[in-house]
Each structure stands twice: as structure tokens, then as C-alpha cells.
Amino acid sequence: MSVNIKIRDAVKKYGNNTIISDLSLDIKEGEFFTLLGPSGCGKTTLLRMIAGFNSIEGGDFYFSEKRINDMDPVKRNIGMVFQNYAIFPNMTVEKNVAFGLKNRKLPKEEIKAKTDQFLKLMKIEEYRDRMPERLSGGQQQRVALARALAITPDVLLMDEPLSNLDAKLRVEMRTVIKEIQNSIGITCVYVTHDQEEAMAVSDRIAVMNHGDIQQIGTPKILYQRPANLFVATFIGRTNVINAELKVKNGKTMLALPGYEVEMNNILKDEAKDRKVIASIRPEELVVNKDATEGIKATVDDAVFLGLNTHYFVHFENGEKAEIIQESLIDSIIEKGTEIYLGVKTEKINVFDEEGNKNLVEGVLNDYDVYRNGDK
């Protein structure tokens with residue numbers, strides 16, 4: 001059985017140091033929800049509060065309608081997968097997977113059936129008699145996941161579970177984790193600092209910084225319409241360019257280095273003469289090699305990566321930018337070449353001068369419900 005998770009006004013302190021203050025959050029039943037942010041932002045602290053491993057200095061935590069603040073971690077019926085796997089080195093794969101079931105004193109037949117079920121589900125049947133030292137990192141992580149799921153938890157908590165694996169195994173295991181979570185339908189709270197990993201597995205993501213949630217949304221929303229400059233720079237690559245909004249003859253123009261483009265999607269109340277910050281992702285700049293208008297730039301370097309070529313350029317005012325363009329079959333633009341860049345205006349984002357607010361229409365932030373006091 002899966003549950004929804006409700007957090008209201010959470011506070012976490014270590015001495016006089018407040019790590020999390022007044023944080024509220026709803027995680028839907030059966031949802032794959034990720035806490036994403038840089039090291040020290042509070043994401044693991046919050047996960048451990050849900051698990052019962054950290055004290056709670058304020059607020060309320062619920063699994064469905066049951067308040068869990070004072071509930072023993074053992075009674076919360078959670079499965080936990082850690083960064084370092086935490087599987088028992090002195091037990092075989094089979095005994096590791098069966099460990100939680102034996103602790104619950106289930107009948108031997110049921111323990112055997114469930115152990116077999118999850119060995120098969122995680123594709124580690126053939127390793128059932130092996131000791132952990134004879135397994136690869138990916139195999140050990142499958143054992144940890146099988147052990148966590150075998151007890152049929154209400155919630156699966158995962159703390160940086162793939163960070164110790166090499167790049168290829170990380171991609172493989174994130175696919176496995178998402179497939180298993182989909183097939184079982186369990187509520188999953190996942191912690192990572194890897195934005196690509198978060199986007200690959202999550203139904204929704206909460207981007208955190210300094211103990212506060214900046215934005216909650218689907219990977220698509222966070223990438224295409226970040227709520228502020230922090231989210232824009234943390235989710236994927238982006239070029240941050242100092243710019244100005246100018247209203248001319250009823251049109252809102254974005255003044256970029258040496259070039260102006262019309263913006264049809266600026267919020268009406270924000271469309272006025274002002275300094276702004278433009279966030280333009282590398283694929284939102286278009287190379288017009290033979291054009292004579294656009295943002296004038298000089299190519300500093302080109303990196304061929306197969307499908308795409310990355311160009312590093314500087315503008316006339318000295319600002320630098322990165323461009324990603326589908327690789328051409330015949331040539332790569334040489335260093336020192338002067339080019340003109342077009343802009344995909346419907347995709348770019350424009351923030352106020354402080355970077356605190358996106359001025360473009362279509363920004364969705366599920367966290368605004370709590371900020372506006374509707375809890």
C-alpha cells in the first residue's frame with residue numbers, strides 16, 4: 001500500500017543553526033518525487049526527517065492522515081536505499097534481500113516467495129548465493145533496492161543511490177529504478193544533486209537551496225520556465241546575459257548585446273523600461289553564419305560531440321556564451337570566425353535585475369500554494 005506524504009511548516013535546527021525553516025510540501029500517492037539541489041541545501045536532512053532518523057524541531061509530518069513526528073522509524077514502514085548500498089557483507093545476496101522479511105517474523109514460505117519475487121524483479125536471481133564482495137557496484141545497488149522493496153513499504157526513500165556508480169551504470173540503474181517504481185506504484189522520495197538524473201526519473205522535482213524550496217514542478221516546467229535565476233542555472237546549462245527591456249510603440253523589446261528582439265510573452269505588469277537578466281539556453285541561440293544582423297559574436301572554440309557541436313563565443317561587449325548546434329556534415333565553424341546569432345524568443349526566459357522572478361508568461365510553481373498561505 002502506498003501513501004501520500006504531507007509536510008507542514010517543517011523546521012530543522014542544529015544548535016542555533018537553522019537548516020530548514022517553515023517548509024511545507026505535498027507528495028502524491030505513487031509519485032516519484034525528487035529533492036534536488038547543491039550540497040548543503042537541506043535535501044538529505046529533509047529526507048531523514050521523513051525517515052525518522054533526524055529530530056523535528058517544528059511542524060508536522062503525515063503519511064496520509066497519520067502524523068508520524070513521534071513514530072519510531074521501524075514502525076513507519078519505509079524502505080531505504082543509501083549512497084553506499086549498506087548491504088550486509090557477511091550475508092549472501094538472498095539473505096540480504098530476505099533480511100527485513102525475517103525481522104518481521106513472516107512465515108518461511110512467504111519469506112521465500114517474496115525473496116524470489118524481488119530477486120527476479122531486480123534480475124539478480126543468478127547471484128543469490130554470492131557474497132557482496134563478488135558483485136559489481138550496479139549489482140550491489142540492485143540488491144539494496146530488492147531488500148528495500150521486499151518488505152512492501154508504504155514509502156521508498158532513496159539518498160543519492162547512484163552517486164558511487166560510473167556514468168554508464170548510473171544511466172542503466174536510473175532506468176531500472178524508474179521502471180520498478182512504475183510497476184509497483186510505490187511513493188518514492190529521491191535525493192540527488194544530479195539534475196540530469198532527476199529529470200530522467202522524476203514525476204515532479206523540488207529544487208532546493210539554503211533549506212528553502214525554490215520551485216516545484218515537472219522536469220519540463222523547470223527546464224522551460226524556471227521560476228528564478230537559481231533554478232534556470234541549476235537545471236541544465238544556460239547563458240546568463242545582462243540585458244534591458246524597452247517598450248517602443250507598444251512593443252516590448254529585449255535589448256541584447258548589439259541587437260534587439262521583440263518579446264510577445266512578457267507579463268503585462270512587468271513590461272516596462274528596466275534592466276533585466278536574460279537566460280538563453282545554448283540550443284536557443286541559432287547560428288546565422290551568412291546573416292548580417294543578429295547578435296554579433298566571435299567564435300573562441302568549437303567542440304565536436306557527434307550529434308551536436310558546441311561553440312564558445314564572445315560578444316562585442318566581452319560577454320561569453322555557449323551555443324549548441326546540430327553538427328553539420330561538411331564543416332565546423334573555425335575559431336576567430338565572426339557570426340551572427342538569432343534567438344528563439346518563445347523559449348528564452350527573462351528575469352528581474354535581482355534574478356528573483358521570471359517575467360515571462362507560463363511559469364508554474366507548485367510551491368506557490370504554500371508561499372501564498374493556502375496549506
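Residues numbered from 1 in each chain as written. Predicted model: local features only at pLDDT ≥ 70, side-chain atom pairs only at ≥ 80, totals over all residues. Heavy atoms only, no water.

Quick look at the overall build of the chain
Moving on, step 1. Helix and strand counts for the chain come out as 9 helices and 20 strands.
Moving on, step 2. For the chain, the spread of C-alpha atoms along the three principal axes comes to 75 × 55 × 35 Å.
Moving on, step 3. Of all 375 residues assigned to the chain, the portion counted as buried reaches 51%.
Moving on, step 4. Excluding contacts between residues fewer than 6 apart, the proportion of contacts in the chain whose partners are at least 24 apart in sequence is 67%.
Moving on, step 5. Summed over its atoms, the accessible surface of the chain is roughly 18,100 Å², and 47% of this surface lies on carbon and sulfur atoms.
Moving on, step 6. Here the chain contributes 50 positive and 56 negative side-chain charges, whose respective centroids are spaced 6 Å apart. (Helix = DSSP H or I, 4+ residues; strand = E, 2+ residues; numbered from the N terminus. Buried < 20%, exposed > 50% of the residue type's maximum accessible area, 1.4 Å probe, protein only. Contact = heavy atoms within 4.5 Å. Areas by Shrake-Rupley, 256 points an atom, 1.4 Å probe, with all protein chains shown as cover. Lys, Arg positive; Asp, Glu negative; His and termini not counted. Charge placed at Lys NZ, Arg CZ, Asp CG, Glu CD.)

Comments concerning the domain arrangement of the chain
Moving on, step 1. Here the domain parsing of the chain yields domain 1 (5-227) and domain 2 (230-359).
Moving on, step 2. Once you take the C-alpha centre of each, domain 1 and domain 2 turn out to be 38 Å apart.
Moving on, step 3. Three residues stand out in domain 1 for area buried against domain 2, namely Tyr-223, Arg-225 and Pro-226, and they jointly supply 45% of the buried area on that side.
Moving on, step 4. At the junction of domain 1 and domain 2, the tally comes to 0 salt bridges.
Moving on, step 5. One can count 10 residue pairs in polar contact (both at pLDDT 80 or more) joining domain 1 with domain 2.
Moving on, step 6. Of all the elements in the fold, those that place two or more residues in the side of domain 1 that touches domain 2 are helix H6 (195-201), strand S9 (204-209), strand S10 (212-217) and helix H7 (219-224).
Moving on, step 7. Looking at the side of domain 1 that touches domain 2 residue by residue, the classes come out as 9 nonpolar, 7 polar and 1 charged. (Domains from an automatic or database assignment. Buried area = accessible area lost by both parts, 1.4 Å probe. Salt bridge = Lys/Arg side-chain N within 4 Å of Asp/Glu carboxyl O. Polar contact = N/O pair within 3.5 Å; in protein donor to acceptor, adjacent residues only side chain to side chain. Nonpolar A, V, L, I, M, F, W, Y, C, P; charged D, E, K, R; others polar.)

Re the sheet that holds strand S8 (residues 187-192)
Moving on, step 1. With respect to topology, 6 strands assemble into an open sheet ordered S6-S7-S8-S3-S9-S10, the strand pairing being mixed. In the strand order of this sheet, the two ends are held by strand S6 (78-81) and S10, each with one partner. Put simply, the sheet's adjacent strands are angled 15° from each other on average, direction ignored.
Moving on, step 2. In this structure, S6 lies alongside strand S7 (residues 155-159), joined through 4 bridges in parallel fashion. When the bridges of S7 are listed, Gly-79 appears paired with Leu-156.
Moving on, step 3. Strands S6 and S7 of the sheet are contacted by helix H4 (residues 137-150), whose axis makes an angle of about 170° with S6.
Moving on, step 4. Sheet contacts for helix H5 (residues 167-184): strand S3 (32-36), S7 and S8; angle to S3, the most-contacted strand, approximately 140°. (Pairing = 2+ DSSP bridges. Axes fitted to C-alpha atoms, helices over the stretch in contact; angles between N-to-C directions.)

Describing helix H2 (residues 93-103)
Moving on, step 1. Residues of H2 that are buried: Val-93, Asn-96, Val-97, Ala-98, Gly-100 and Leu-101.
Moving on, step 2. On the buried face of H2, the contacting elements are helix H3 (108-121) and H4.
Moving on, step 3. Residue Lys-105 follows H2 closely and has a positive phi angle near 55°.

Some points on unusual backbone geometry
Moving on, step 1. One non-glycine residue, Thr-152, lies in positive phi territory at about 50°.
Moving on, step 2. Among the structural elements, Thr-152 can be located in the loop between H4 and S7.
Moving on, step 3. Residue Thr-152 is classed as partly exposed on the basis of its relative accessible area, which comes to 37%.
Moving on, step 4. Of note in the backbone geometry, Asn-249 takes a positive phi value of approximately 50° without being a glycine.
Moving on, step 5. Here Asn-249 lies in the loop between strand S11 (239-248) and strand S12 (251-256).

Describing a nonpolar patch on the surface
Moving on, step 1. A cluster of nonpolar residues, Val-303, Leu-305 and Phe-312, forms a patch on the protein surface that exposes about 240 Å² of accessible area.
Moving on, step 2. Relative to the helices and strands, Val-303 resides in strand S16 (residues 295-305). (Patch = residues over 30% accessible without salt bridge, like charges linked within 9 Å, V, L, I, M, F, W, Y side chains within 5 Å.)

Let's talk about the pattern of salt bridges
Moving on, step 1. In the structure shown here, the tally under the stated rule is 21 salt bridges.
Moving on, step 2. The salt bridge involving Glu-270 is made with Arg-274; its shortest N-O contact spans 2.6 Å.
Moving on, step 3. Here Glu-270 falls in the buried class, since its relative accessible area comes to 11%.
Moving on, step 4. Of the charged contacts in the structure, one is a salt bridge between Glu-270 and Lys-357, with a shortest N-O distance of 2.7 Å. Highlighted residues: Glu-270 in the loop between strand S13 (259-262) and strand S14 (274-280) and Lys-357 in the loop between strand S20 (349-352) and helix H9 (368-371), separated in sequence by 87 residues.
Moving on, step 5. Since its relative accessible area comes to 38%, Lys-357 is described here as partly exposed.

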